[in-house]
Amino acid sequence: MSEPGKVLYIIVCAAGPAAHVGRLVTLAQDDGWTVQLIATPPALGFIDTAALEKQTGRPVRSEYRKPHEPKSPRADAIIVAPATYNTINKFAQGIADTYALGVLSEAPGLGIPVAILPFVNSALAGRTAFRRAVETLRAEGVRILFGPGQFEPHPPGSGGDRFDTYPWGLALASLN
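Visitor: Which parts of the structure should I look at to understand the overall build of the protein chain?
Guide: On a plain count of helices and strands, the protein chain comes out with 7 helices and 5 strands. Put simply, the protein chain runs from its N terminus to its C terminus through helices and strands in the order β-α-β-α-β-α-α-β-α-α-β-α. Over its C-alpha atoms the protein chain spans a radius of gyration of 15 Å, differing by no more than 12% from the 16 Å that the globule rule assigns to 176 residues. Here the C-alpha coordinates of the protein chain stretch approximately 45 × 30 × 30 Å along the principal axes. Across the 176 residues in the protein chain, those meeting the buried criterion constitute 48%. Considering only contacts within the protein chain whose residues lie at least 6 apart along the sequence, 77% involve residues at least 24 apart. When the accessible surface of the protein chain is split by element, carbon and sulfur atoms take 52% of a total near 8,300 Å².

Visitor: I would appreciate a short explanation of the packing of aromatic side chains in the present structure.
Guide: The geometry of two aromatic rings is summed up by the distance between their centres and the angle between their planes. As enumerated under the stated definition, the model contains 8 aromatic pairs in all. Between the aromatic rings of F151 and Y166, the centroid separation amounts to 6.3 Å while the plane-to-plane angle is 65°, which identifies the pairing as edge-to-face. With F151 in the loop between β5 (143–144) and α7 (168–175) and Y166 in the loop between β5 and α7, this pair connects stretches of sequence that are 15 residues apart. Its relative accessible area of 5% is what places Y166 among the buried residues. In this structure an aromatic cluster arises from ring pairing among F119, F151, F163, Y166 and W168.

Visitor: I'm lost on unusual backbone geometry in this one. Help?
Guide: For residues besides glycine, phi is generally negative; the peptide bonds are generally trans as well. Of note, the amide linkage connecting A81 to P82 takes the cis form, showing an omega dihedral of -10°. By the element assignment, P82 lies in strand β3 (residues 77–83).

Visitor: What should I look at first to understand the nonpolar core in this one?
Guide: Nonpolar side chains tend to gather and get buried jointly when the protein is soluble and globular. Among the nonpolar cores identified, the biggest contains 61 residues, and L8, I78, I79, V80, V114 and I116 are the most heavily contacted of them. The residues touching I79, leaving out its near neighbours within four places in the chain, are L8, Y9, I10, I11, L24, A115, A171, L172 and L175.

Visitor: Just to check I follow, could you spell out the side chain of T87 for this structure?
Guide: Counting through the fold element by element, T87 comes out in helix α3 (residues 85–93). Beyond its immediate stretch of four places on either side in the chain, T87 contacts C13, T40, V80, L101 and L104.

Visitor: Would you take a moment to explain the sheet that holds strand β4 (residues 114–118) for this structure?
Guide: Backbone hydrogen bonds are what pair the strands of a sheet, in a parallel or an antiparallel way. If you walk across this open sheet you meet the 5 strands as β2-β1-β3-β4-β5, and the pairing is parallel. Because the sheet does not close on itself, it has two edges, and the strands there are β2 (34–39) and β5. Of the pairings in the sheet, the one linking strand β1 (residues 7–12) to β2 comprises 6 bridges and is parallel in character. Bridging across to β2, V7 finds its partner in T34. The strands touched by helix α1 (residues 22–30) within the sheet are β1, β2 and β3, with β2 carrying the most contacts at an inclination of about 155°.

Visitor: So what exactly am I meant to see when it comes to helix α4 (residues 99–110) here?
Guide: Helical geometry note: an α-helix holds 3.6 residues per turn, so side chains three or four residues apart project in the same direction. Over its 12 residues, α4 runs 16 Å from end to end, which matches the ideal 16 Å to within 8%, given 1.5 Å per residue. Here α4 has its buried residues at Y99, A100, L101, G102, V103, L104 and A107. Taken together, the buried residues of α4 touch β1, β2, β3, α3 and β4. Phi turns positive one or two residues past the end of α4, at G111, with a value near 75°.

Visitor: Teacher, can you tell me more about the pattern of salt bridges here?
Guide: For the coordinates displayed, the defined rule picks out 2 salt bridges. Of the charged contacts, one joins R23 and D164 as a salt bridge, the two residues approaching to 3.7 Å between their closest N and O atoms. Of this pair, R23 sits in helix α1 while D164 sits in the loop between β5 and α7, and the two are 141 residues apart along the sequence. R23 sits in the partly exposed class, given a relative accessible area of 37%. K90 is paired through a salt bridge with D97; the nearest N and O atoms lie 2.7 Å apart.

What counts and what doesn't
Residues numbered from 1 in each chain as written. Predicted model: local features only at pLDDT ≥ 70, side-chain atom pairs only at ≥ 80, totals over all residues. Heavy atoms only, no water. Helix = DSSP H or I, 4+ residues; strand = E, 2+ residues; numbered from the N terminus. Rg over C-alpha atoms; globule rule 2.2 N^0.38 Å. Buried < 20%, exposed > 50% of the residue type's maximum accessible area, 1.4 Å probe, protein only. Contact = heavy atoms within 4.5 Å. Areas by Shrake-Rupley, 256 points an atom, 1.4 Å probe, with all protein chains shown as cover. Phe/Tyr/Trp six-rings, centres within 6.5 Å; stacked < 30°, edge-to-face > 60°. Core = buried A, V, L, I, M, F, W, Y, C linked by side-chain atoms within 4.5 Å. Pairing = 2+ DSSP bridges. Axes fitted to C-alpha atoms, helices over the stretch in contact; angles between N-to-C directions. Expected span 1.5 Å × (residues − 1). Salt bridge = Lys/Arg side-chain N within 4 Å of Asp/Glu carboxyl O.

Here you go:
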């Protein structure tokens, strides 16, 4: 169980399970977390922003705030789910070309725990670039929930069959 008042950033990427990220929000809130949702720009087309803002009581962030806008509370932990091939590779390379990646890029240096729950197919997961990204992030202390007993890639073209069984709770459990 998290400590009362702990802030969890959930970074959602543009993958099929993103439409159900509210399930992770509910699990986190039931565990005592205050949730700040951050969406990659492409993920905005996958999620119901208004419903998620109502659920969290906070705006869904996808861009850097303007100087007159209030800051989000500092994260005590971050979950990236569903995490795409693109986001995982960019994070490992230190690319911060979106607000979500900027937040992620800074987290290891700030000592903020990060858990990544991928959603990739076996063709992408087998690429050398992806395997190196996973190794690089794990070496920095990032929890990548990838492999036997965690997230296992699906065959290309079959991701839609995995939306209902996507293991949202695994990401939250990895923080405890």
